[in-house]
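One-letter residues, chain by chain:
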Number of protein chains: 2
Amino acid sequence: MPRNLKLTLRYDGSAFHGWQFQPNCITVEEQLKRACFQILREEVKITSCSRTDAGVHANMFCCNFKTNCERENSKIIQGLNAVLPESVAVYGCDDVSNDFHARYSCKGKEYIYKIWNERQRNPFYNKYALHFPRILDEAMLDKAAKAFIGEHDFASFCSSGSSVLSTVRTVYDFSVERRDKLVVFKVCANGFLYNMVRIMAGTLLDINDGKIAPDSISDIINSKKRERAGITAPPSGLYLNRVFYEEGEIESGK
Amino acid sequence: MPRNLKLTLRYDGSAFHGWQFQPNCITVEEQLKRACFQILREEVKITSCSRTDAGVHANMFCCNFKTNCERENSKIIQGLNAVLPESVAVYGCDDVSNDFHARYSCKGKEYIYKIWNERQRNPFYNKYALHFPRILDEAMLDKAAKAFIGEHDFASFCSSGSSVLSTVRTVYDFSVERRDKLVVFKVCANGFLYNMVRIMAGTLLDINDGKIAPDSISDIINSKKRERAGITAPPSGLYLNRVFYEEGEIESGK
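Small disclaimer: the values here were computed from a predicted structure and weren't measured. (Residues numbered from 1 in each chain as written. Chains lettered and ligands numbered in written order. Predicted model: local features only at pLDDT ≥ 70, side-chain atom pairs only at ≥ 80, totals over all residues. Heavy atoms only, no water.)

### Describing the overall build of chain A
Quick note on the threshold: Starting at the N terminus, helices and strands are each numbered in turn, a helix being any DSSP run of H or I of at least four residues and a strand any DSSP run of E of at least two. As a reference, a globule follows 2.2 Å times the number of residues to the power 0.38, and the radius of gyration itself is taken over C-alpha atoms. Three exposure classes are used, based on accessible area relative to the maximum for each residue type with a 1.4 Å probe and protein chains only: buried under 20%, partly exposed in between, and exposed over 50%. In this description, contact between two residues means that some pair of their heavy atoms is separated by no more than 4.5 Å. In this charge count, Lys and Arg are treated as positive and Asp and Glu as negative; neither His nor the chain ends contribute. The location of each charge is read from NZ of Lys, CZ of Arg, CG of Asp or CD of Glu.
Counting its secondary structure elements, chain A contains 6 helices and 10 strands. Taken against the 2.2 N^0.38 rule, which gives 18 Å for 254 residues, the C-alpha radius of gyration of chain A at 19 Å falls within 12% of a compact globule. Across the 254 residues that make up chain A, the buried fraction comes to 56%. Sequence separation of at least 24 residues holds for 71% of the intrachain contacts in chain A that already meet a minimum separation of 6. Side chains of chain A carry 34 positive and 31 negative charges; the gap between the two charge centres is 4 Å.

### Considerations on the interface of chain A and chain B
Test applied: We define buried area as the total accessible area lost by two parts upon association, computed with a 1.4 Å probe and summed across both. Every case where a carboxyl oxygen of Asp or Glu lies within 4 Å of a side-chain nitrogen of Lys or Arg is listed as a salt bridge. N or O atoms closer than or at 3.5 Å make up a polar contact, with two conditions inside protein: a donor-capable atom paired with an acceptor-capable one, and, for residues adjacent in sequence, both atoms drawn from side chains. Classification convention: Asp, Glu, Lys, Arg as charged; Ala, Val, Leu, Ile, Met, Phe, Trp, Tyr, Cys, Pro as nonpolar; all other residues, Gly among them, as polar.
Facing 28 residues of chain A, the contacting portion of chain B comprises 28 residues. On the chain A side of the contact with chain B, Gln120, Arg121 and Phe124 of chain A bury the most area, a combined 33% of that side's loss. A salt bridge links glutamate 118 of chain B to arginine 10 of chain A; the nearest nitrogen and oxygen atoms lie 3.8 Å apart. In this assembly, chain A and chain B are joined by 10 residue pairs in polar contact (both at pLDDT 80 or more). Going through the elements one at a time, β1 (3–11), β3 (57–67), α2 (73–83) and β4 (88–96) of chain A are the ones with two or more residues in the side of chain A that touches chain B. Top contributing element to the side of chain A that touches chain B by residue count: β4 of chain A, with 4 residues. Grouping the constituent residues of the side of chain A that touches chain B by class yields 14 nonpolar, 8 polar and 6 charged.

### A closer look at helix α4 (residues 196–208) of chain B
All names here are of chain B. Note the cut-off: In a helix, the anticipated span is given by 1.5 Å times the number of residues less one.
The terminal C-alpha atoms of α4, which comprises 13 residues, lie 18 Å apart, in line with the 18 Å expected from a rise of 1.5 Å per residue. The element α4 is extensively covered by neighbouring structure, given that 13 of its 13 residues are classed as buried. Phi for glycine 210, located one or two positions after α4, is positive at around 80 degrees.

### A word on the domain arrangement of chain A
Residues and elements named next belong to chain A. Quick reminder of the rule: An automatic or database domain assignment provides the domain bounds reported here.
Structurally, chain A comprises domain 1 (3–96) and domain 2 (108–244). Both sides together, the interface formed by domain 1 and domain 2 hides about 1,200 Å², and carbon and sulfur atoms give 54% of it. Residue aspartate 53 pairs with arginine 198 through a salt bridge whose shortest N-O separation is 3.4 Å. Scanning the region where domain 1 abuts domain 2 turns up 10 residue pairs in polar contact (both at pLDDT 80 or more).

### A look at the relation of the copies chain A and chain B
What counts here: The least-squares superposition of copies is restricted to C-alpha atoms, and to residues with a pLDDT of at least 70 in both copies.
Aligned on chain B, chain A shows an RMSD of 0.0 Å; the corresponding rotation is 180 degrees and the shift along the axis is 0.0 Å. The superposition operator between the copies reduces to a two-fold rotation axis. Distance from the rotation axis, computed per C-alpha, reaches its smallest value in chain A at phenylalanine 124 of chain A: 5.2 Å.

### Observations regarding the side chain of lysine 114 of chain A
Mapped onto the elements, lysine 114 of chain A comes out in strand β5 (residues 108–116). For lysine 114 of chain A, the contacting residues outside a window of four places in its chain are Tyr128, Ala129, Leu130, Leu182, Val183, Val184, Gly237 and Tyr239 of chain A.

### Some words on the pairing of strand β8 (residues 168–179) of chain B
Residues and elements named next belong to chain B. The test is simple: Strands are treated as partners if at least two bridges between them are detected by DSSP.
Examined bridge by bridge, strand β7 (residues 150–153) and β8 share 4 bridges and lie antiparallel to one another. Among the inter-strand pairings, glycine 150 is bridged to a residue of β8, identified as valine 171. Pairing of β8 with strand β9 (residues 182–189), which is carried by 8 bridges, proceeds in the antiparallel orientation. Note that in β9 the partner of arginine 179 across the bridge is leucine 182. Between β8 and β9, which pair antiparallel and follow one another directly, the connecting turn spans 2 residues, one of which, aspartate 180, has a positive phi of 60 degrees.

This is the structure:
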């Protein structure tokens, strides 16, 4: 019986047209599949925890595939990193049970959205954070964002073009923190709709600019109307930060 | 009488062959001079706080020049940032006294050296930190590094090719700190010799690897022999972090 291998990786999304394979585009999946073929000498079918859009980054991304390759896990990691482009690195390779599925077994995910909050742009963040030149009131936004927490129908925070059956998701936590001139939105949920975090981020930025009232997030959720929410914030600030496969990981905030 | 303008900037050194003008190389000075010509409509002579090597970054870098341009400082910043490449951003423009000299008026500087300390490389740090896969003992290195503090002849920590009259410098502070998987060396001194921070960093890495004894930094300093110190660590981890023009700034650690 083939092994079921789970890979954990990190990638700089500015180098890719997102995760998922597309003809004539450079995607992370395509690069990883190519690297697997070189190292495992097998064509593998990769199942992923999610799909990230073009320009979105990952500090943690999980996927799995079946393989008959018998190499040690540490050797597989070294081999893949030797052939993958510099913008991708694998840092975990684990044997998992046969029924493990990177998407269906996933219990939750955490995203962060980084904002460089200074008048002038920061050369180190051109592709790694949104540049927002007006002062962000992180305490006010943190308070407003708590309205996202809980089980809600997030249809207002979903871009069209999505084909999900249900738009109900449970947000476990949402925080807004300042680290000097960097402001970070952090959201943990059991799942996310298409562009959900980017619309949440855009809504908070509109609240900061006075275009949306700070206490209206619940109303926006209840309206189930995309047009009531704010803009879709650009992809460069977004990072898939953690992927949880055990309930305990989420509760402990590990 | 012309104004004396002090600029404060930030740059991603991976895009440049260092600060200083060189024929047939892209340098920060050349880009800034070109931007000044476009915005001030004048050829300016730029004096800088220091010269950084190819690949070395700056979170803060100061320079000054005389100009007859009468535009407001905030307009000069906006103008320069509009024409500078993405890898450079000006965030300060101040009128200073006629005798201010970015290099001679400088009272001290702070450099940081970033190390990504995990088995696998980090795609976000390819050009922004040294990748060091073996475990760094930050507490031991922090203790060892305290021997750098004080007024010493740092000839052992100076690459050849330098033409300075004296190799005596005063190091005000040296610390080694861990922020999760990132280890940061931070050093503040009244001045630095050619490659001094990179040789200090390389020496600490050699101490970590057991090639140099932790308590031998004073001996290495006293020997005044470059070959007693460690390797010159690569430029990608090095950042000019702060430049001080007032004694008070250094003491307060502002």
